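Close look at the chain arrangement
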Amino acid sequence: MTTGVPIGEFSRLCHLSAKTLRYYHDIELLVPAAVDATSGHRRYHPGQVGDAHLIRRLRGLDMPLAEIRQVLAEPGEPERGAALARHLDRMEAELARTRDVVTSLRRLLDAAPPVTVLYRRQPPLPVLHVAGRLRRDEVGDWCAVSYQALFGGLVERGLDPAGAAGATYSSEFFEQDEGEVVAFVPVPPEVPPTLTLPGRRYAVAVHAGPFADCDLTYGALGSHVAARDAALPEPIVELYLVGPQHTDDAERYRTEVCWPVE
């Protein structure tokens, strides 16, 4: 007696078209339980419905076929669940990035108010610092770890920072999408600094909102400097007046962008 259900019936069970099922058979993603040697008709076991449902949903999430094959090959439910969780984590991160880009585009479409530019001469600044050569996409995670270490070093001494934490970004970082970044925290006199930032004169503007939109303030401030001043080829300094260490709401971030000028 022939077992299983024909492809047409199986397509109704799992909501995958016969054409799609034939394709999944051809690439050995979902192989029928039996294939008639004479007619080539495919028959599926009802126990394959679960895999078919899983494939359909994962394709709806744009999971690559190669990754779906790996999920189906996992030996048990815990391993399969772990593989799915990793994919969902990646999707959630991508969704968050998409939301950030959409928000940033809406800001770009809105008429942005002109930035207020002030000038400040910063004396040499003793700091604790961490330096690294980074790609642009590495900065966020690197900063989170670096500031945790820098603030932790002061907490161990029972001390507060002597000013806003910040970072310097080399010209190479912007030109090559990779370069030196220095994260720093100003220290009180009783703490030996690991670095003293040189004194400089800066044109300064405050960026309000998420770091993803900081390029808008860079553009406005840099244009102001280009029209009125002589920029120095020194690192740009960002001071995080209100940042992730103060609030989880990125809309409340306030970042001073300091452009070195003659």
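Placed above this text is the structure.
These lines cover the structure that appears in this document, whether it is placed above or below. (Residues numbered from 1 in each chain as written. Predicted model: local features only at pLDDT ≥ 70, side-chain atom pairs only at ≥ 80, totals over all residues. Heavy atoms only, no water.)

A word on the state of the cysteines
Formally: We call a pair of cysteine sulfur atoms a disulfide when they lie within 2.5 Å. Relative accessibility thresholds used throughout: buried, under 20% of the residue-type maximum; exposed, over 50%; partly exposed, between the two (1.4 Å probe, protein chains only).
Under the defined criterion, the tally for this structure stands at zero disulfides. In this model Cys143 remains outside any disulfide bridge; the closest cysteine sulfur is found in Cys214, 12 Å from its own. Its relative accessible area of 6% is what places Cys214 among the buried residues.

Focus: helix H8 (residues 214–228)
The condition is simple: A helix here means a DSSP run of H or I that spans at least four residues, while a strand means a run of E at least two residues long, and both kinds are numbered starting from the N terminus. The length a helix should cover is 1.5 Å for every residue beyond the first. Note that the arc is defined by the directions from the helix axis to the C-beta atoms. For this analysis, residues touch if any pair of their heavy atoms sits within 4.5 Å.
In this model, H8 (15 residues) spans 21 Å end to end at C-alpha, consistent with the 21 Å of a helix rising 1.5 Å per residue. When H8 is considered as a whole, its buried residues turn out to be Cys214, Thr217, Tyr218, Leu221, Gly222, His224 and Val225. The arc that holds the buried residues of H8, viewed along the axis, is 155°, so those residues lie on one side. Summarising the geometry of H8, the exposed residues directed more than 90 degrees from the buried face are Ala226 and Ala227. The inward-facing, buried residues of H8 abut strand E4 (118–122), strand E6 (166–169), helix H7 (171–176), strand E9 (200–208), strand E10 (236–242) and strand E11 (254–261).

What about the packing of aromatic side chains?
Operational definition: Aromatic pairs are defined between Phe, Tyr and Trp rings, using the six-membered ring for Trp, whenever the two ring centres lie within 6.5 Å; interplanar angles under 30 degrees are classed as stacked, those over 60 as edge-to-face, and all others as tilted.
Inspection of every chain in the model, using the stated rule, returns 11 aromatic pairs. On the basis of an interplanar angle of 50° and a centroid distance of 5.6 Å, the ring pair of Phe174 and Tyr218 is categorised as tilted. With Phe174 in helix H7 and Tyr218 in helix H8, the pair connects residues that are 44 residues apart, well separated along the chain. Relative accessible area serves as the criterion here: at 32%, Phe174 is assigned to the partly exposed category. Here Tyr218 falls in the buried class, since its relative accessible area comes to 12%. Look at Phe211 and Tyr253: their rings are 5.0 Å apart centre to centre, the planes differ by 35°, and that puts the pair in the tilted class. In this pair, Phe211 sits in the loop between E9 and H8 while Tyr253 sits in the loop between E10 and E11, placing the two residues 42 residues apart along the sequence. Its relative accessible area of 35% is what places Phe211 among the partly exposed residues. Grouped by ring-pair contacts, the aromatic residues Tyr147, Phe151, Phe211, Tyr240 and Tyr253 constitute a single cluster.

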